Amino acid sequence: MIPAPSRSRLVCALLLLAIPAAAENIEILRDAFGAPHIFAATPAGAAFGAGYAQAGDRTVALLANLRNAGEADPSVLSRAVRPIVNAYAAGINRYLEEHPELKAAPVSAANVAAYSRRAFQWIHGSNDLLLAPSRTTSKSVIAVLDPIADWNAPDRPYEMTLYATEGGLAMAGVAPPGIPFPVVGHTQFITVGWSGSPKDAGAAALDEAWSLLTARTLAEAHRALSMNQIPGAAFIGTAGGEIFDSGGASAAGGFLRRAGPSKNGDAASLELLRVQRTWPFGRVQDLAFSTDVYKADAWQARLAKSVPESKFARRLTGWNRRADADSVEALAFYLLKMELGPDAASLEPPQSLSDTRLRAALIRAQDRLEVDFDYGSKFGDLFRVAREGAHESNPVGGGVIPQAGMETARTIFFQRPASSFPAAAHIGNSGQAATRIVELSAQTPSSSILMPGVSDDPESTFFDDQARNLSPTLSTKPAYFRDRKELERHLSSRKQLIF
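Residues numbered from 1 in each chain as written. Predicted model: local features only at pLDDT ≥ 70, side-chain atom pairs only at ≥ 80, totals over all residues. Heavy atoms only, no water.

Caption draft 1: Summary view of the packing of helix α3 (residues 59-69) against helix α4 (residues 82-98). The N-to-C vectors of α3 and α4 enclose an angle of 135°; their axes lie 13 Å apart at closest approach. The angle between α3 and α4 places the two elements in the oblique class. Along this stretch, α3 crosses α4, giving a crossing that reads as left-handed. Taking contact as the criterion, the partners of T59, L62, L63 and L66 in α3 are, on α4, Y88, I92, Y95 and L96. Here the contact of α3 with α4 is built from residues that sort into seven nonpolar, one polar and no charged. (Axes fitted to C-alpha atoms, helices over the stretch in contact; angles between N-to-C directions. Helix = DSSP H or I, 4+ residues; strand = E, 2+ residues; numbered from the N terminus. Parallel < 35°, antiparallel > 145°, perpendicular 65-115°, else oblique. Left-handed = near helix turned anticlockwise from the far one by under 90°. Contact = heavy atoms within 4.5 Å. Nonpolar A, V, L, I, M, F, W, Y, C, P; charged D, E, K, R; others polar.)

So this is what it looks like as structure tokens:
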């Protein structure tokens, strides 16, 4: 027979088990560009909000990513990450339940676990940069997280900021749709960037990604990396002032620069770092989006020496060597290079190029500029950005134009457009896809751009608004990290959920 006091405790315990767990309130606040900032009590609640938001913004891509991945056993994940994955799948399914017109079957945690093994394949190189405290005016690490991706692919990055009062969690960054939290991103303690890899990650890749982004010190980050689940190299900066490349690069000179897909664009960035020693947060954007044309000065010197009598040549020798969208001279330089035939792609004037051929190319380029283009046409009239389904393109500066030997730190890859755009135009639709700049100082200032916009719905305000509103300079927008008061002043919508 159970003693009375024990019976009382047993009854109380059974009653407590019968009471459902307290519901968690979740808020999704979207900034002026539609980027979701999710506030919850627990990391699982924040993941629930992330699943709901992704399902609304990227329905087709999200479901394709998860269903094409198949299923994997989520029980291999840690006790910390498993509820995050379960809640994320539940958030997706909540959105699908609320929109029966989609006629979409629910997804599972097993789908998320399977897709996580492909979660890093969307990064097609990156232009990541870490500046040590010795190179910044704030004496804090500044990071440029700058993955390269296809702007039209189903795995193009999705921007999100997650907060949970439990543990004081605050993290921001990007991941492909199908992943519950940023895999390239930061907290107030650490920044994490990755090189891409075509290899599948391990079954516990989400454990490593979560442990890394929630680390507070470089020692904790090393422990996370020791899981060896994620292919490729991590780029890490900490609030303690350390910068680290798991690929083995040395921080000689007080910075780490990941070699991106444009070798000469990298060289242009290194030149800027050589010229200016110390960088304030507000100027670091110049490193990420510089339009300085690598080695253009060599062509100017050749023109000044070989054809000093040409007014057209003198116009080019007076050019600031920046392929800005509003630059007539940058367009003229492109046309000159394209008239050089087999030498067009040369970064510097080859010794075989005679003055006679150079002079003839100048004349043809001037004729093209005056005949084939409207008066005052600029570089951004020919080089533009757009995504599939957009109704218009937008001018942009910089980019990688190998056929003309023009490369800048601003990494945009161009191709000839579909019939909906002018036949002469070159349309950029891949390259820097989710640039984020963050300083690991007390206030953690940060800014970002997600090309071309958050949503995949052509009828959404946020379909290509960042390409429209942040071009032609490719400036970043405020990220409002850990600044809810300022975020509240720039909201486009507010959604409340119960999990």
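That covers the picture; the talk isn't over yet.
Caption draft 2: Spatial organisation of the sheet that holds strand β1 (residues 25-31). Strands sit in the order β11-β10-β9-β8-β7-β6-β2-β1-β22 across an open sheet of nine strands; the sheet is mixed. Looking at the sheet topology across the chains shown, the edges are occupied by β11 (243-245) and β22 (491-498). The mean inter-strand angle of the sheet, taken between neighbouring strand axes irrespective of direction, is 15°. Sheet topology note: the strand β6 (residues 158-164)/strand β7 (residues 169-175) ladder contains seven bridges and is antiparallel. Within β7, the residue paired with M160 across the bridge is G173. Where helix α2 (residues 43-57) meets the sheet, it contacts β1, β2 (36-40), β6, β7 and β22, and its direction lies at approximately 155° from that of β6. Contacts from helix α7 (residues 218-225) reach β9 (190-194), β10 (234-238) and β11 within the one sheet, and its direction differs from that of β10 by about 160°. (Pairing = 2+ DSSP bridges.)

Caption draft 3: Representation of the pairing of strand β20 (residues 446-450). Most of β20 is tucked away, with five of its five residues classed as buried. Neither face of β20 is left uncovered, since the one carrying S446, S448 and L450 and the one carrying S447 and I449 both have all their residues buried. Across five bridges, strand β19 (residues 434-439) lies against β20 in antiparallel orientation. The partner of I437 across the bridge, within β20, is S447. Taking the residues between adjacent antiparallel strands as the criterion, β19 and β20 are bridged by six residues, where T444 takes a positive phi near 50°. Bridge analysis of β20 against strand β21 (residues 477-478) gives two bridges, and the strand direction is antiparallel. Each bridged residue has a counterpart across the sheet, and for S448 the counterpart in β21 is K477. (Buried < 20%, exposed > 50% of the residue type's maximum accessible area, 1.4 Å probe, protein only.)

Caption draft 4: Geometry of the nonpolar core. Core analysis: the largest hydrophobic core is formed by 139 residues, its most contacted members being L131, W194, L212 and M406. One finds L29, A170, Y480 and L487 within the second-largest nonpolar core, a separate group that totals eight residues. (Core = buried A, V, L, I, M, F, W, Y, C linked by side-chain atoms within 4.5 Å.)

Caption draft 5: How the structure looks around the side chain of R135. For R135, the location among the structural elements is in the loop between β3 (129-131) and β4 (142-145). One buried charged residue, R135, remains without a salt bridge, the closest side chain of opposite sign being E271 at 11 Å. A polar side-chain atom of R135 sits 3.1 Å from the main-chain carbonyl oxygen of Q276. Contact partners of R135, with chain neighbours within four places excluded, come to G253, G254, F255, L273, Q276, R277, T278 and W279. (Lys, Arg positive; Asp, Glu negative; His and termini not counted. Salt bridge = Lys/Arg side-chain N within 4 Å of Asp/Glu carboxyl O. Polar contact = N/O pair within 3.5 Å; in protein donor to acceptor, adjacent residues only side chain to side chain.)

Caption draft 6: Looking closely at the sheet that holds β4. An order of β12-β3-β4-β19-β20-β21 is seen for the six strands of this open sheet, with the pairing classed as antiparallel. Pairing within the sheet leaves two strands with one partner each, and these edge strands are β12 (255-257) and β21. With three bridges joining them, β3 and β4 adopt antiparallel strand pairing. Residue pairing across strands places L131 opposite I142, the latter belonging to β4. The sheet contacts of helix α8 (residues 263-275) involve β3 and β12, and relative to β12 the element is tilted by about 165°. Along the sheet, helix α9 (residues 281-288) contacts β3, β4, β19 and β20; its crossing angle with β19, the most-contacted strand, is approximately 150°.

Caption draft 7: Quick peek at the packing of aromatic side chains. Considering all chains together, one arrives at 10 aromatic pairs under this definition. An angle of 65° between the planes, with centres 5.4 Å apart, marks the rings of F120 and W194 as edge-to-face. Separated by 74 residues along the polypeptide, F120 in the loop between α5 (109-115) and β3 and W194 in strand β9 bring together distant segments of the chain. Note on F120: relative accessible area 4%, which makes it buried. Relative accessible area serves as the criterion here: at 2%, W194 is assigned to the buried category. Aromatic side chains F181 and W210 sit 5.0 Å apart centroid to centroid with 70° between the ring planes, which places their arrangement in the edge-to-face category. Linking F181 in the loop between β7 and β8 (184-186) with W210 in helix α6 (residues 205-213), this pair joins segments that are 29 residues apart in sequence. One exposure class covers both F181 and W210, and it is buried. A connected cluster of aromatic rings, assembled from ring pairs, spans Y334, F379, F383 and F414. Geometry around F235 places R258 over its ring, the cationic atom sitting 4.3 Å from the centre. A cation sits over an aromatic face here: R484 above F39, 4.3 Å from the ring centre. (Phe/Tyr/Trp six-rings, centres within 6.5 Å; stacked < 30°, edge-to-face > 60°. Lys NZ or Arg CZ within 6 Å of the ring centre and 35° of its normal.)

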